[in-house]
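Each chain, letter by letter, is given below.
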Amino acid sequence: MISYDTPLISNLNMLENISLIKEVHELLSTEKAQEQASEYLAKIGLSHIGLNRLNQCSAIEVFYVMLIRAFMTKEMNVIIVTPFFLIKNLRDIEAVFENINILNKHKTITVLDNITNESHYRGKMCHIIK
């Protein structure tokens, strides 16, 4: 799950936050796990934030790190809860969905949001169903 209630670990850099999942759950070496994390970041042009700490990243960069962290798990379902609290600006939501498509190979993604944000999803690849 990607939500405001599942934050990154503030004393780790972005690569460490992402790779921790593979290291702990799959006992992958730190080097290999961080290499995989770097590959994900590179796919969407965020290689430069790998060594940054949480306070050095923008809200959208933190969101992408949370997303990549979710993609690194074995879970087949990724749930994004109220993206507005995570990315701060839904006007460019289409770019977010494009990057999700670039990163996602086989997971089912569900976005849960408030009906008040319905206008941001109208005509997009993901829309609100009532």
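In this report, we go over the structure that sits alongside the text.

Soluble globular proteins tend to bury their nonpolar side chains together. Formed by 33 residues in total, the largest nonpolar core has its most connected members in Ile-2, Leu-41, Phe-63, Leu-67, Ile-68 and Ile-80. Counting residues per element, this core draws most heavily on helix 3 (residues 59-71), which supplies nine residues. Beyond its immediate stretch of four places on either side in the chain, Ile-68 contacts Ile-18, Tyr-40, Leu-41, Ile-44 and Leu-103.

In this section: the pattern of salt bridges. Under the definition given, this model contains two salt bridges. Linking Arg-53 and Glu-16 is a salt bridge whose minimum nitrogen-to-oxygen distance equals 3.9 Å. Taken together, the residues Arg-53 in the loop between helix 2 (30-43) and helix 3 and Glu-16 in helix 1 (residues 14-25) connect sequence positions 37 residues apart. On the accessibility criterion, Arg-53 (35% relative accessible area) is partly exposed. For Glu-16, a relative accessible area of 26% puts it in the partly exposed group. One salt bridge connects Glu-26 with Lys-22, and the closest N-O pair in it is separated by 3.1 Å. The partly exposed category is assigned to Glu-26, whose relative accessible area is 29%. Given a relative accessible area of 13%, Lys-22 falls into the buried group.

What counts and how
- Residues numbered from 1 in each chain as written.
- Predicted model: local features only at pLDDT ≥ 70, side-chain atom pairs only at ≥ 80, totals over all residues.
- Heavy atoms only, no water.
- Core = buried A, V, L, I, M, F, W, Y, C linked by side-chain atoms within 4.5 Å.
- Buried < 20%, exposed > 50% of the residue type's maximum accessible area, 1.4 Å probe, protein only.
- Helix = DSSP H or I, 4+ residues; strand = E, 2+ residues; numbered from the N terminus.
- Contact = heavy atoms within 4.5 Å.
- Salt bridge = Lys/Arg side-chain N within 4 Å of Asp/Glu carboxyl O.

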